[in-house]
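In case you want the letters, here they are:
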Amino acid sequence: MKTSKFKVVIVALFAILFAGCAKEEVDKTLIDHLKDNTWYVSYYLDSGKDETSNFSGYSLDFTDEMLINASKGGTSSSGSWFLTDNSSKIVIVMSNVTNYLENLSNQWVVIERTNDVLKLKDDSDDGEILHLTRN
């Protein structure tokens, strides 16, 4: 597992930067789709290594207040999220996490979207891929 506090800081800076920019057109159906479902990590690839098992048992909830909650067995971690680039990217910033949940903090490009699955790819060349499946 890579520790990437620098990455979290960069994503947080992007979040602040984009929050101050003029509002872009966002896909309300994507926002509703995220908020109206509970999600699970069904696949996570990091630098060619399948690390899906690190997220086993976690559920992810996206809220109206643009918060994300990751819960497992009565414990939870939180962060924030928003859409950018005309809804082609989901930016997630997890707060106060010291484990693999920090890997969710990223700018994720939406590469495929169905009713049940969101397939996301890191917008940089880090090789991270994240698939979320709804409950």
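In this text, all values refer to a predicted model and were calculated from it rather than measured experimentally. Residue positions are counted from 1 within each chain, in the order its sequence is given. Only residues with pLDDT of at least 70 get local features here, since the model is predicted, and only at 80 or more are side-chain atom pairs given and counted; chain-wide, interface and lining totals rely on the full set of residues. Side-chain metrics rest on all non-hydrogen atoms present in the structure, leaving aside hydrogens and water.

(A) Just the overall build of the chain, in detail. Helices and strands together make up the secondary structure of the chain, namely two helices and nine strands. Secondary structure elements follow DSSP: runs of H or I no shorter than four residues count as helices, runs of E no shorter than two count as strands, and numbering proceeds from the N terminus. Counting helices and strands in the order they occur from the N terminus, the chain gives α-α-β-β-β-β-β-β-β-β-β. Note on contacts: a residue pair qualifies if any of its non-hydrogen atoms lie within 4.5 Å across the two residues. Across the chain, contacts joining residues at least 24 apart in sequence account for 47% of those joining residues at least 6 apart. Per-residue and other accessible areas follow the Shrake-Rupley method at a 1.4 Å probe size, with only the shown protein chains counted as cover for residues. Total accessible area on the chain stands at roughly 7200 Å², and carbon and sulfur atoms take up 52% of it.

(B) Structural detail: the pattern of salt bridges. Salt bridge, as applied in this entry: a Lys or Arg side-chain nitrogen positioned within 4 Å of an Asp or Glu carboxyl oxygen. With the rule as written, the count across this model stands at six salt bridges. As a salt-bridge pair, D32 and K35 come within 3.9 Å of each other at their nearest N and O atoms. Highlighted residues: D32 and K35, both in helix α2 (residues 28–35), separated by three residues, approximately one helical turn. Using a 1.4 Å probe on the protein chains alone, a residue whose accessible area is under 20% of its type maximum counts as buried, one over 50% counts as exposed, and one in between counts as partly exposed. Take D32: its relative accessible area is 23%, and that puts it in the partly exposed class. Owing to a relative accessible area of 22%, K35 belongs among the partly exposed residues under this scheme.

(C) Local environment of the packing of aromatic side chains. Pairing of aromatic side chains requires ring centres within 6.5 Å, counting the rings of Phe and Tyr and the six-membered ring of Trp. Pairs whose planes differ by under 30 degrees are stacked, by over 60 edge-to-face, and all others tilted. The full count for this structure, using the stated rule, is four aromatic pairs. Between F55 and Y100, the ring centres sit 5.6 Å apart and the planes meet at 75°, which makes this aromatic pair edge-to-face. Of this pair, F55 sits in the loop between β2 (49–50) and β3 (59–62) while Y100 sits in the loop between β6 (89–95) and β7 (106–113); the two residues are 45 residues apart in sequence, bridging distant segments of the chain. We classify F55 as buried; its relative accessible area is 2%. Pairing Y58 with Y100 gives two aromatic rings, centres 6.2 Å apart and planes at 85°, and the pair type is edge-to-face. Remark: Y100 occurs in the loop between β6 and β7 and Y58 occurs in the loop between β2 and β3; sequence separation between them is 42 residues. Considered together, Y58 and Y100 belong to a single accessibility category, that of buried residues. Among the aromatic residues, ring-to-ring pairing joins Y44, F55, Y58 and Y100 into one connected group.

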